[in-house]
There are 2 protein chains.
Amino acid sequence: MEPADRPDQGSAHSVPAGGEHGPRWLTDDERDAWMPLIGVLIKLPAALDAQLQRDSGLSHFEYMVLSRLSEAPERTLRMSDLAVLANGSLSRLSHVVTRLERRGWVRREACAEDGRYTNAVLSGEGWAKVTATAPGHVAAVRQFVVDALSPEQIGQLREIAQTIMSRVVPGDDWLAGLPHPARR
Amino acid sequence: MEPADRPDQGSAHSVPAGGEHGPRWLTDDERDAWMPLIGVLIKLPAALDAQLQRDSGLSHFEYMVLSRLSEAPERTLRMSDLAVLANGSLSRLSHVVTRLERRGWVRREACAEDGRYTNAVLSGEGWAKVTATAPGHVAAVRQFVVDALSPEQIGQLREIAQTIMSRVVPGDDWLAGLPHPARR
DNA sequence: AAAAATGACTTGACGCTTCAACTATTTACC
DNA sequence: GGTAAATAGTTGAAGCGTCAAGTCATTTTT
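## Some points on the sheet that holds strand β2 (residues 106–110) of chain A
Residues and elements named next belong to chain A.
No. 1: The strand order across the open sheet formed by 3 strands is β1-β3-β2, and the pairing between neighbours is antiparallel. With one partner strand each, in any of the chains shown, β1 (76–78) and β2 form the two edges of the open sheet. Pairwise comparison of adjacent strand axes, ignoring direction, gives a mean angle of 30° for this sheet.
No. 2: Pairing between β1 and strand β3 (residues 118–122): 3 bridges, direction antiparallel. Bridge pairing in β3 links L77 to A120.
No. 3: On top of the sheet, helix α2 (residues 60–71) reaches β1, β2 and β3; it is set at about 90° to β3, its chief contact.

In structure tokens:
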């Protein structure tokens, strides 16, 4: 976290003086939560990616795209909506959809009403790919997270994660996961 | 998570039959925790990277490297130890140290006793860089996470994160954050 | 005392993400 | 109605991370 004032010290950390306006370092308790959280932020996505890559040849983001489409009405979403739902930028999505299109799992369709919009549509093969991939991915999510925690912890995790998201993404666009009225 | 059986449904999800050995989908409660966690996994690192990049021109990984070195005895660590401490691969670290070396914040030193080992050493400028960067980064960590949670939640987060890490990294190498005897 | 195996890195190529610039379409304004 | 502004999306270049291969030093084997 912070550079050590005394490089050869153990794990004790300086406590801020009351009146000082300088940086407030983390307390030991805070550090004990923050350090493993950093680990989760780095290693959990890598583990999920590894499972998907190994078993299905998909990145987590690609899986998210296919999965979101599979849950959408008519298996169709606007590129910009899909980007938000998949937690990615429009540019990233555009590149990924190009690759998914090449693999035959998604196709683009121009919107008739408004030529600016492009719809991404999940193909039959794409649907088959998602349904084949989902069970293994859910199993990984259970193995790494869900089955490791008690029901109380699941509730705590929901609160904590929602709170963090409300700070990280001020505009509450992170409600992305929830169903929303289809716009077409 | 899983493809919808009925594409036009809302948020209700199928519950597995007792005897079936097929995939166990997430329950609503589990999904309510998992969805925002995905958001955190994607958006929190991006937010931390953005703060560091904007205010200091460092990636989070680069900051971790400098920070770990600043806390180490003699501001020196073996490449392989540093890689574990910074939650990265040795290859990634090697590339990053090359860049940090070019910027004058780190230098490599061959180990005299065993020529296979390379030590990374934080320079004076590197120390200055970390101490200048740390306050802003800690402030971001407080803003996004620590100050947003109650003390109870900090404790819950520690338990949850440690539990997940124990599942993700079976070998308990993720204790990386803790001080450990220097080997030289 | 070679030869082989292990360990600690380094390097280069490839793929993916980001960023900025660009195209195309629709809406707003005068 | 024509120009400007806004919206939606695409594209190419640059940078970073990963993977596989390679280097060099030490240890083990025979």
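## Focus on the packing of aromatic side chains
Describing an aromatic ring pair means giving the distance of the ring centres and the angle of the ring planes.
No. 1: A complete count under the given rule lists 0 aromatic pairs over all chains for this structure.
No. 2: The aromatic ring of A:W127 is capped on one face by A:R75, whose charged end is 3.5 Å from the ring centroid.
No. 3: Looking at B:R78, its charged tip hangs above the ring of B:Y117, at a distance of 3.8 Å from the centre.

## Examining empty space enclosed by the protein
No. 1: Counting across every chain of the model gives 5 cavities of 30 Å³ or more.
No. 2: Approximately 90 Å³ is the volume found for the largest cavity.
No. 3: As for the largest cavity, its lining consists of A:L37, A:V40, A:L157, A:I160, A:A161, A:I164, B:L37, B:V40, B:L157, B:I160, B:A161 and B:I164.
No. 4: Counting only elements with at least two residues in the lining of the largest cavity, the list comes to α1 (28–56) and α6 (151–168) of chain A together with α1 (28–56) and α6 (151–168) of chain B.
No. 5: Class assignment for the residues of the lining of the largest cavity results in 12 nonpolar, no polar and no charged.
No. 6: Space inside the second largest cavity adds up to approximately 60 Å³.
No. 7: At the level of elements, α2 of chain A together with α1 of chain B are the ones that each hand at least two residues to the lining of the second largest cavity.
No. 8: The element best represented in the lining of the second largest cavity is α2(A), accounting for 5 residues.

## As for the sheet that holds strand β2 (residues 106–110) of chain B
Residue and element names in this part refer to chain B.
No. 1: Spatial ordering of the open sheet is given by β1-β3-β2, a layout of 3 strands whose pairing is antiparallel. Edge positions in the sheet fall to β1 (76–78) and β2, since each of these pairs with one other strand and no more. Neighbouring strand axes in the sheet, compared pairwise and without regard to direction, differ in orientation by 30° on average.

## Quick word on the pattern of salt bridges
No. 1: Here the structure, examined in full by the defined rule, presents 22 salt bridges over all chains.
No. 2: For A:R31, the salt bridge identified is with B:E71, shortest N-O distance 3.7 Å. Of this pair, A:R31 sits in helix α1 while B:E71 sits in helix α2 (residues 60–71), on two different chains.
No. 3: Judged by relative accessible area, which is 11%, A:R31 ranks as buried.
No. 4: With a relative accessible area of 18%, B:E71 lands in the buried category.
No. 5: Here B:E62 makes a salt bridge to B:R103, at a shortest N to O gap of 3.5 Å. Taken together, the residues B:E62 in helix α2 and B:R103 in the loop between α4 (90–102) and β2 connect sequence positions 41 residues apart.

Procedures and definitions
- Residues numbered from 1 in each chain as written.
- Chains lettered and ligands numbered in written order.
- Predicted model: local features only at pLDDT ≥ 70, side-chain atom pairs only at ≥ 80, totals over all residues.
- Heavy atoms only, no water.
- Pairing = 2+ DSSP bridges.
- Helix = DSSP H or I, 4+ residues; strand = E, 2+ residues; numbered from the N terminus.
- Axes fitted to C-alpha atoms, helices over the stretch in contact; angles between N-to-C directions.
- Contact = heavy atoms within 4.5 Å.
- Phe/Tyr/Trp six-rings, centres within 6.5 Å; stacked < 30°, edge-to-face > 60°.
- Lys NZ or Arg CZ within 6 Å of the ring centre and 35° of its normal.
- 1 Å grid on protein atoms, 1.4 Å probe; cavity = no way out; pocket = protein on both sides within 12 Å on 5 of 7 lines; lining within 4 Å.
- Points joined across faces, edges and corners; volume = space filled by probe spheres on them.
- Nonpolar A, V, L, I, M, F, W, Y, C, P; charged D, E, K, R; others polar.
- Salt bridge = Lys/Arg side-chain N within 4 Å of Asp/Glu carboxyl O.
- Buried < 20%, exposed > 50% of the residue type's maximum accessible area, 1.4 Å probe, protein only.

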